[in-house]
Amino acid sequence: MQYEVDKLGFYGKYGGAFIPELLHSNVEELEDNYLKIINSDSFQKEFRALLRDYVGRPSPLYFAKRLSEKYNTKIYLKREDLNHTGAHKINNTIGQILLAKRLGKTRIIAETGAGQHGVATATVCALMDLQCVVYMGEIDIARQAPNVSKMKMLGAEVRPAKSGSKTLKDATNEAIRDWINNPKDTYYLIGSVVGPHPYPDMVALFQSVISEEIKKQLIDKENRDYPDRIIACIGGGSNAAGAYYHYLDDEKVDLVSVEAAGLGINSGESAATSVLGSDGVIHGSMTKLMQDKDGQIIEPYSISAGLDYPGIGPLHAHLIESGRSKVLNATDEEAIKAGLLLTRLEGIIPALESAHALAALEKIDFKPEEVTVVNLSGRGDKDMKAYLVSAGKHIKF
Amino acid sequence: MGKERINNLFNENKKEILSIYLTTGYPEIDSMPVLAEKLAEAGVDFLELGMPYSDPLADGETIQYSSSIALKNGIDFDQYFNQAKAVRQKVVIPLLFMGYFNQVLRIGIDTFLDKCVDSGIDGLIIPDMPPEVYKNKYKPIFDKYDLGLSFLITPTTSDERIKMLDELSSGFVYVVSTSSTTGKTNGFSDSQIDYFKRINKLNLNNPMVIGFGISDKQTFRIANKYSDGAIIGSAFIKALKGSKDIERTAMEFAQNILK
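Residues numbered from 1 in each chain as written. Chains lettered and ligands numbered in written order. Predicted model: local features only at pLDDT ≥ 70, side-chain atom pairs only at ≥ 80, totals over all residues. Heavy atoms only, no water.

(A) Structural context of the packing of helix 4 (residues 89–102) of chain A against helix 5 (residues 116–128) of chain A. Residue and element names in this part refer to chain A. Two elements in contact, helix 4 and helix 5, have axes whose closest approach is 9 Å; the angle formed by their N-to-C orientations is 40°. As the angle between them shows, helix 4 and helix 5 are arranged oblique. By crossing handedness, the relation of helix 4 to helix 5 is classed as right-handed. Taking contact as the criterion, the partners of Lys 89, Ile 90, Asn 92, Thr 93, Ile 94, Ile 97, Leu 98 and Lys 101 in helix 4 are, on helix 5, Gln 116, His 117, Ala 120, Thr 121, Thr 123, Val 124, Cys 125, Leu 127 and Met 128. (Axes fitted to C-alpha atoms, helices over the stretch in contact; angles between N-to-C directions. Helix = DSSP H or I, 4+ residues; strand = E, 2+ residues; numbered from the N terminus. Parallel < 35°, antiparallel > 145°, perpendicular 65-115°, else oblique. Left-handed = near helix turned anticlockwise from the far one by under 90°. Contact = heavy atoms within 4.5 Å.)

So this is what it looks like as structure tokens:
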């Protein structure tokens, strides 16, 4: 496969493990064991059973009839929003918690932005009876109170990251430091296809169940196993990586990644990393990231807490650089409108992240016979506040 | 002078060697050169000049704090080099830059190294530059410049890997005393002493300098007993925090360790 990671953990020039020596043994332990464990029969059996019985997979591939009529084409929604805990995040946390157990780890740490990955991690820790510490930016704790309560109810300790900008990037730094200080018993459960090798490859593998299912489901519905196009939002890029995975080498499938433009690409309040970013190292990985002239990392902005990350996963940097994926972007307002549209046409309230992917529908010239899959990565329950404030400008509640 | 200046220091066979880490731009944007001058005057043997970074993964709370203050003060690349140059004109001891790989990449490795030489910097510590990638990709660029480069060794580093890191280092190897970010420990445990002894037995090509967890005269003494020198970082930054006379604080801090 042309888009597979190489021995040193690189996708083309992106990826690798740019970590302080303090982390070397932690990462090496993972690198030496992850494929062996994941590919074992006992792991696969347990992983598949939990995805089916606990997460509720396969998630439906739903033909969105009224949405398709609006754009005069065929649009399917991959319903990751119907998963337990409300998003694709759980696919990865189930996989990593089983790995952590097999590595003999007793303490789990994670970073979280909006709290979705934190909740998904706290959930699997409760399931497996493992200690759980979630790092979350102090600012995010204040604005995502319901998820903080959920994590606590699930038995996790939520530790505020008080450094830097006090958001996701800093929560990630704190989690990495915790891992440095607790190398023996602690497993760092990363939530996206970011971080040092082998995390991007491992998280993509766990999320690849999404495209595996799309392949099977399309045969039933379209009598062929591929769509013409897949659309997914990218922050770090885990839902997109999962939705693309089995089609990476299939060039007849267009891969469309949608970034958050925030208040507008050139507004200074944006998270469109592929446009505003340049090559560099963030959280142990060579990728594209938003940085100033001195290499200081810039804090991004988006209405969607899951998309305001200053980097993208190295696989995506490689897909973009090689032209395999195309990047579109959507502003806060475009995302809100797209979320509202889906709600009224199909009775589905999408997460604001997924609403960015839907907003791209406005920017594509469709042919009527084309098949497009939009990865509906999560549900909108957590975003009701933002919807009420912003959507209230467009409709009456 | 470059790495030769570092080699000369370790060839003097001094009994104890003290290095102090300073964050450029902390506590005030222009504090570093005056502090460096005072520390040299007090007898510090070499200086580690920190280039503040927004996301300093290998540092603990204290240095992350001083870095964030320095960045708020408006410190930038031009000033790292200008201030280093100013220090070079005043002091003869080796000067090292400590920064993160993204900073070096951003300005361009060649440009960065060239400016280091031009500013009178003798060596570099870049904790998140992976040795494997350095060896395969960047070593020929670094080799064009006569700068020392110190890779880090930790308690979890295998003997085989220590030898590899020693091969790639010049000037000295940086022995991290603990599996923990800086500024966290007090005193050395038996297992830490065993770890120092283990490295001693490997007969490395480079001198070994211990950093992390050295905060006072006692830990400085012990570190020197098992190595060729010791670096103090967080403890010095803490001493500066809240000081009304930073020059005096710096002078007294170094004198207390060395007396």
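Having seen the structure, we can now continue with the description.
(B) View of the environment of Asp 170 of chain A. All names here are of chain A. Structurally, the position occupied by Asp 170 is in helix 8 (residues 168–181). Separated by 59 residues in sequence, Asp 170 and Glu 111 place their C-alpha atoms 8.9 Å apart. Discounting residues that sit within four places of it in the chain, Asp 170 has contacts with Ala 161, Ser 163, Gly 164 and Ser 165. A polar atom in the side chain of Asp 170 sits 3.4 Å from the side chain of Lys 169. (Polar contact = N/O pair within 3.5 Å; in protein donor to acceptor, adjacent residues only side chain to side chain.)

(C) Representation of the pattern of salt bridges in the model. Overall, the coordinates contain 45 salt bridges over all chains when judged by the stated rule. Between Asp 110 of chain B and Lys 144 of chain B there is a salt bridge, and its shortest N-O distance comes to 3.2 Å. Highlighted residues: Asp 110 of chain B in helix 6 (residues 109–118) and Lys 144 of chain B in the loop between helix 7 (131–143) and strand 5 (148–149), separated in sequence by 34 residues. Owing to a relative accessible area of 30%, Asp 110 of chain B belongs among the partly exposed residues under this scheme. With its nearest N and O atoms 2.5 Å apart, the salt bridge here joins Arg 198 of chain B to Asp 159 of chain B. Linking Arg 198 of chain B in helix 9 (residues 190–201) with Asp 159 of chain B in helix 8 (residues 159–168), this pair joins segments that are 39 residues apart in sequence. Taken together, the shared-partner salt bridges in this structure form one network comprising Lys 13, Asp 279, Lys 288 and Glu 321 of chain A. (Salt bridge = Lys/Arg side-chain N within 4 Å of Asp/Glu carboxyl O. Buried < 20%, exposed > 50% of the residue type's maximum accessible area, 1.4 Å probe, protein only.)

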